[in-house]
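# Descriptive analysis of the structure
Here are the chains, one letter per residue:
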Amino acid sequence: MTNETTAPQPAPGVPARPPAGRYGPEPSAARRRLTVVAIVAVAVVGLAVVALVGLRAASVPVRQDVVGFDIVSSERIDVTFEVSMAPGTTARCTVDALAASYAQVGTVDVTVGPVETLESRWTVRVATSELATTGVVESCTVVD
């Protein structure tokens, strides 16, 4: 028979706990409550930010997206873009031509609409002062 000392085993149904103080002080009930409150506060702030961003995106009266562009020459680029806005709405869009250095080498303001559909596609010619490598729609705003 060997004389081995064994550690006391926890009673059935009681979770095993590390020795007291081994991993820092035992968490108190107040500390647990504070942790839960902090997690809930962070979650509420996160949800509020997501809701605010969603509402702002939904309230934009006109949206634009470049579909493509065609570099015709060093003096012209054709930019094709889609505009989403309520039927019957008219918008004013600024279309820019950019060089490889992202410098603006041409710009044009164009009136789009009124349209009968939610989405419409437009192609505009932009005169350039030098070779453009891309075309972008800088902005579109609703015209009253």
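For the structure itself, look to the data block above.
Rules used in this analysis
Residues numbered from 1 in each chain as written. Predicted model: local features only at pLDDT ≥ 70, side-chain atom pairs only at ≥ 80, totals over all residues. Heavy atoms only, no water. Helix = DSSP H or I, 4+ residues; strand = E, 2+ residues; numbered from the N terminus. Salt bridge = Lys/Arg side-chain N within 4 Å of Asp/Glu carboxyl O. Pairing = 2+ DSSP bridges. Axes fitted to C-alpha atoms, helices over the stretch in contact; angles between N-to-C directions.

### Looking at unusual backbone geometry
Residues apart from glycine generally show negative phi values, whereas peptide bonds are mostly found in trans. The amide bond that connects glycine 113 to the next residue, proline 114, takes the cis arrangement and shows omega of 0 degrees. Position of proline 114 among the secondary structure elements: in the loop between β4 (104–112) and β5 (119–127). Phi is positive for tyrosine 102, close to 70 degrees, though the residue is something other than glycine. Within the fold, tyrosine 102 resides in the loop between β3 (90–98) and β4.

### Quick notes on the pattern of salt bridges
Applying the stated criterion across every chain yields a total of 2 salt bridges. Taking the shortest distance from any N to any O, the salt bridge between arginine 121 and glutamate 82 comes out at 2.7 Å. Of this pair, arginine 121 sits in strand β5 while glutamate 82 sits in strand β2 (residues 76–85), and the two are 39 residues apart along the sequence.

### A few points about the sheet that holds strand β6 (residues 134–143)
Either a parallel or an antiparallel arrangement is found when strands of a sheet pair, and the pairing is made through backbone hydrogen bonds. Reading across from one edge, β4-β3-β6 is the order of the 3 strands in this open sheet, with antiparallel pairing throughout. Lying at the two open borders of the sheet, with one neighbouring strand each, are β4 and β6. Here the average twist between neighbouring strands, direction ignored, is 15 degrees. Pairing geometry for β3 and β4, over 8 bridges, is antiparallel. Paired with alanine 91 across the bridge in β4 is valine 112.

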